[in-house]
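Observations on the three-dimensional arrangement
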Amino acid sequence: MDNLKITLALIAAVLLQWTMRNVAEPLAYIDFPLIVVVYAALQRNAIRAIFFGTFAGLAVDALSGGLLGASGFTKTLVAYLVSELARRVYLDNLLLRIPVLAGASLIDDLTYYGVHRLLGQEPVGQVFVVTAYSLIGTTIVGTMLYIMLDHFMSERARPRRRDSFSSRRQTRRRNPIRLGK
Amino acid sequence: MAERSQQEVWRLTPWLVVILLLGNFVLMAFDARIDGGQRVIRIWAQTAADFVQSPVTTVSSGVSGYFASIANLRSAQDENDLLQERIQQLEVEKQGLQDLVRENERLRGLLDLKEDGTFKVVFARIIGRDPNVWFDSAIIDIGSLAGVKLNMPIVTDGGLVGRVTAVGPLSSQIDLITRDKSGLGAVVGEISESTALGVVSGTSDRNVVVMRYVSGSTEVQPGQVVYTTGQDGIYPGGLKVGEVVEVESGSATTPHIIYIRPGAALGSMHEVGVLLYEPPPRSDFEKAVPNATPTPRP
């Protein structure tokens with residue numbers, strides 16, 4: 001069920017990326033597919049996140065004037081790096097996810113610019129300006145979307161949290177030192 | 001058992017990443033080598049996206065138009081004052097009216113090509129912009145069914161916009177002249193009166209294009225208008241490209257570098273015209289490498 005929900009979220013993100021720039025130019029700085037790819041990578045399912053990165057990147061590239069495969073390359077890389085990080089560090093806290101998303105946006109933009117320059121293409125726009133705007137836009141919108149996604153995706157999370165909380169309290173009550181006193 | 005399979009997944013992941021990254025890199029390298037062709041995947045994606053982009057564009061135009069009309073009502077009094085001032089200014093600008101009339105006639109002559117018979121203009125609506133902020137391509141709502149073909153020029157009443165780079169049955173993708181790969185032959189001033197010929201291409205600045213290879217011995221001033229020459233094999237001659245805004249002067253041995261502001265409002269256009277223009281066929285020798293010498297016939 002989670003797989004279906006997150007796949008639908010990714011498709012919605014790709015559709016938003018295809019259309020939002022036509023509504024207002026500044027919306028182009030928000031990388032919706034990257035937000036969902038990072039979210040998928042934070043769920044500790046690396047393979048799903050990596051495939052999502054490739055699919056979302058190629059979908060964006062197909063309608064872009066840039067090189068076909070460039071976004072696929074960067075988003076696959078970002079998905080892998082974030083899933084590796086999530087495997088080693090506990091990142092379920094929203095506050096910890098914000099710098100992760102900002103870092104992912106930075107890596108994505110700089111890698112995208114780099115591979116184009118490597119293959120003799122000159123992207124439009126100043127690299128620091130575009131990267132900064134993209135980082136700010138993606139991080140702010142991504143944080144809000146993560147709250148929504150957490151709400152819709154983790155129906156089991158709340159009971160689980162409640163369970164863990166109650167069991168901890170139970171353990172404290174059974175603490176032998178306290179009982180000894 | 002579950003723990004072991006999880007470990008296997010983590011062991012497999014780096015290999016999968018390497019394969020996918022290599023696949024994407026091969027795609028990029030292949031795409032970078034395509035010169036003048038179009039991507040099949042882009043055509044299909046474009047056709048699929050058309051079903052989403054067209055309704056979104058229609059709805060967003062309607063919503064923004066509604067709010068714009070409310071804003072206009074609120075600012076009607078201010079607008080009235082501004083219009084009064086504008087009337088005063090128009091009296092002054094009347095002096096330059098003759099030039100504007102001539103320019104208008106010339107542009108009409110360029111765009112009213114249906115009667116000319118050489119090439120027609122098909123009007124199109126922009127239904128999508130580049131989903132990636134690093135590029136500025138756009139998607140229009142007509143394709144091969146309306147007679148659009150690869151490399152056909154795109155214009156607005158302000159001037160040249162770009163060319164068609166991918167054609168689907170219902171929609172087409174266009175690259176703007178601000179892209180660095182969009183070289184076009186151009187001349188500063190009227191074609192018959194000027195020798196300031198050069199090549200216009202995009203820069204990293206969205207609002208400016210650059211013209212190179214113009215002889216340093218020719219005189220070029222800011223404010224002069226730049227037109228296409230028709231020698232690039234894509235665009236017809238006489239289309240307005242833009243206006244010179246800055247000149248890095250060259251010398252007898254070094255060319256000028258001329259910065260041009262495009263005449264078309266590339267950032268805010270909603271409708272464009274596709275010139276159904278096909279350049280005259282080039283001979284085999286012209287298609288060969290530029291420094292090739294013709295083989296003597298026996």
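We now examine the overall build of chain B. Secondary structure summary: chain B contains 5 helices and 12 strands in total. The buried share of chain B, taken over its 298 residues, is 30%. Here the contacts in chain B between residues at least 6 apart in sequence split such that 59% fall between residues at least 24 apart.

Another aspect to go through is the sheet that holds strand 1 (residues 120-129) of chain B. Residues and elements named next belong to chain B. Strand order in the closed barrel formed by 6 strands is 1-2-5-4-3-12, with antiparallel pairing between adjacent strands. Across this sheet, the average inter-strand angle for adjacent strands is 45°, counted without regard to direction. As judged from the 5 bridges shared by strand 4 (residues 159-167) and strand 5 (residues 172-176), these two strands associate in the antiparallel manner. Paired with V167 across the strands is S172, a residue of strand 5.

This part is about the nonpolar core. In terms of nonpolar packing, the biggest core is built from 103 residues, with A:V36, A:V37, A:V38 and B:V161 touching the most fellow members. Sorting elements by how many residues they give to this core places helix 2 (residues 32-42) of chain A first, with 10 residues. When sequence neighbours within four positions are dropped, the list of residues in contact with A:V36 reads A:A9, A:L10, A:A13 and A:F52.

Residues and elements named next belong to chain A. In this structure, A40 sits in helix 2. Take A40: there are 28 C-beta atoms within 10 Å of it, and that puts it in the buried class. As for A40 and L15, which are separated by 25 residues in sequence, their C-alpha atoms are 18 Å apart. In this structure, A40 is in contact with I6, N45, R48, A49 and F52, ignoring residues within four places of it in sequence.

With 45 residues of chain B in contact, the opposing surface of chain A contributes 43 residues. If one sorts the elements of the side of chain B that touches chain A by residue count, helix 1 (residues 2-33) of chain B sits on top with 14 residues. Across the side of chain B that touches chain A, the residue classes break down as 22 nonpolar, 13 polar and 10 charged.

All names here are of chain A. Following both chains from N to C, one finds helix 2 and helix 5 (residues 94-118) inclined at 125°, their axes separated by 10 Å at the closest point. By the criterion of interaxial angle, the relationship of helix 2 to helix 5 is oblique. The crossing of helix 2 and helix 5 is right-handed. Of the residues in helix 5, those touching helix 2 at L34, I35, V38 and L42 are R97, V100, L101, A104, S105 and D108. Classifying every residue of the contact of helix 2 with helix 5 by side-chain character gives 7 nonpolar, 1 polar and 2 charged.

A few words now on the sheet that holds strand 6 (residues 184-188) of chain B. Residues and elements named next belong to chain B. If you trace the 6 strands once around the closed barrel, you get 6-7-8-11-10-9, paired in antiparallel fashion. Neighbour-to-neighbour, the strand axes of this sheet turn through a mean angle of 40°, independent of strand direction. Here strand 6 pairs with strand 7 (residues 197-202) via 4 bridges, running antiparallel. Directly across from L184, in strand 7, lies its bridge partner V200.

With that settled, the discussion passes to the pairing of strand 12 (residues 271-276) of chain B. All names here are of chain B. As defined by bridge partners, strand 1 adjoins strand 12 across 6 bridges and the pair is classed as antiparallel. Each bridged residue has a counterpart across the sheet, and for A124 the counterpart in strand 12 is V272. Bridging between strand 3 (residues 153-156) and strand 12 involves 2 bridges; their strand directions are antiparallel. Bridge assignment links I154 to a residue of strand 12, and that residue is V274.

What follows deals with unusual backbone geometry. In this model, B:N151 sits at a positive phi of 75°, which is unusual for a non-glycine residue. Within the fold, B:N151 resides in the loop between strand 2 (138-140) and strand 3.

Further remarks concern the environment of B:L184. With respect to the helices and strands, B:L184 occurs in strand 6. For B:L184, the contacting residues outside a window of four places in its chain are B:I177, B:V200, B:T228, B:D232, B:I234 and B:Y235.

So, how was this worked out
Residues numbered from 1 in each chain as written. Chains lettered and ligands numbered in written order. Predicted model: local features only at pLDDT ≥ 70, side-chain atom pairs only at ≥ 80, totals over all residues. Helix = DSSP H or I, 4+ residues; strand = E, 2+ residues; numbered from the N terminus. Buried ≥ 20, exposed ≤ 12 C-beta atoms within 10 Å, placed from the backbone. Contact = placed C-beta atoms within 7 Å. Pairing = 2+ DSSP bridges. Axes fitted to C-alpha atoms, helices over the stretch in contact; angles between N-to-C directions. Core = buried A, V, L, I, M, F, W, Y, C linked by C-beta atoms within 7 Å. Nonpolar A, V, L, I, M, F, W, Y, C, P; charged D, E, K, R; others polar. Parallel < 35°, antiparallel > 145°, perpendicular 65-115°, else oblique. Left-handed = near helix turned anticlockwise from the far one by under 90°.

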